[in-house]
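# Architecture and fold: a report
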Amino acid sequence: MSLDISKLSEIKGLLGACLVDSDTGLVLGTEGGSKFDLETAGAANVEVVRAKLQAIEALKLNDTIEDILITLGKQFHLVRPLDKNPNIFVYVALDKKSANLGLARLQVKAVEETLSL
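Criteria and cut-off values
- Residues numbered from 1 in each chain as written.
- Predicted model: local features only at pLDDT ≥ 70, side-chain atom pairs only at ≥ 80, totals over all residues.
- Heavy atoms only, no water.
- Helix = DSSP H or I, 4+ residues; strand = E, 2+ residues; numbered from the N terminus.
- Rg over C-alpha atoms; globule rule 2.2 N^0.38 Å.
- Buried < 20%, exposed > 50% of the residue type's maximum accessible area, 1.4 Å probe, protein only.
- Contact = heavy atoms within 4.5 Å.
- Areas by Shrake-Rupley, 256 points an atom, 1.4 Å probe, with all protein chains shown as cover.
- Lys, Arg positive; Asp, Glu negative; His and termini not counted.
- Charge placed at Lys NZ, Arg CZ, Asp CG, Glu CD.
- Pairing = 2+ DSSP bridges.
- Salt bridge = Lys/Arg side-chain N within 4 Å of Asp/Glu carboxyl O.
- Polar contact = N/O pair within 3.5 Å; in protein donor to acceptor, adjacent residues only side chain to side chain.

The next point concerns the overall build of the chain. The helix and strand tally for the chain stands at two helices and five strands. Counting from the amino terminus, the chain carries its helices and strands in the arrangement β-β-α-β-β-β-α. Computed over its C-alpha atoms, the radius of gyration of the chain comes to 13 Å, within 12% of the 13 Å expected for a compact globule of 117 residues. In terms of overall dimensions, the chain has C-alpha extents of about 40 × 35 × 25 Å along its principal axes. For the chain, with 117 residues in total, the buried portion stands at 38%. Considering only contacts in the chain between residues 6 or more positions apart, those separated by 24 or more positions represent 54%. Just so you have it, the chain exposes about 6800 Å², and 53% of that area is on carbon and sulfur atoms. The distance from the centre of the 13 positive side-chain charges to the centre of the 16 negative ones in the chain is 8 Å.

Right, let's talk about unusual backbone geometry for a bit. The phi dihedral of Lys60 falls on the positive side, at around 50°, and the residue is not glycine. Assignment of secondary structure puts Lys60 in the loop between α1 (38–58) and β3 (68–71). The exposure class assigned to Lys60 is exposed, which follows from its relative accessible area of 72%. Of note in the backbone geometry, Asn62 takes a positive phi value of approximately 50° without being a glycine.

A few words on the pairing of strand β5 (residues 88–95). Looking down a regular strand, the side chains alternate between one sheet face and the other. When you tally the buried positions in β5, you get seven out of eight residues, the bulk of the element. Examined bridge by bridge, strand β1 (residues 14–21) and β5 share seven bridges and lie antiparallel to one another. Bridge pairing in β5 places Ala17 opposite Val92. Relative to β5, strand β4 (residues 75–81) is paired through seven bridges, and the arrangement is antiparallel. Residue pairing across strands places Leu78 opposite Val92, the latter belonging to β5. The hairpin turn running from β4 into β5, its antiparallel successor, is six residues long.

What follows concerns the side chain of Asp21. Within the secondary structure layout, Asp21 lies in strand β1. One buried charged residue, Asp21, remains without a salt bridge, the closest side chain of opposite sign being Arg50 at 7.0 Å. Of the polar contacts made by the side chain of Asp21, one reaches the backbone nitrogen of Asp23; its length is 2.7 Å. Every residue in contact with Asp21, bar those within four places of it in the chain, is listed here: Leu26, Leu28, Val46, Asn87 and Ile88.

Spelled out as structure tokens, the structure:
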């Protein structure tokens, strides 16, 4: 079992990141976030993931979430359920001025591939 998300610190503009169990809301690991409450952010995004899953089911889309992007005035928030275990997701908060969203998505996916649960 590997829950190491430390490579997320290499993402330019990272404000904080965490690995979250969407069944329990438990944060399994964090990276960065000295000015960001990752426990609260992780738990709050459980509701975002659940709402999106309910919408997919209600619309009978027969699909899965690749990632969810929330764009704020000063930040990007990226939520990515793991391919191997969709009940676990990576949450990343980025500074909008300094982050490259495309590269950040690739880096989150690369870290996801190193995780084993």
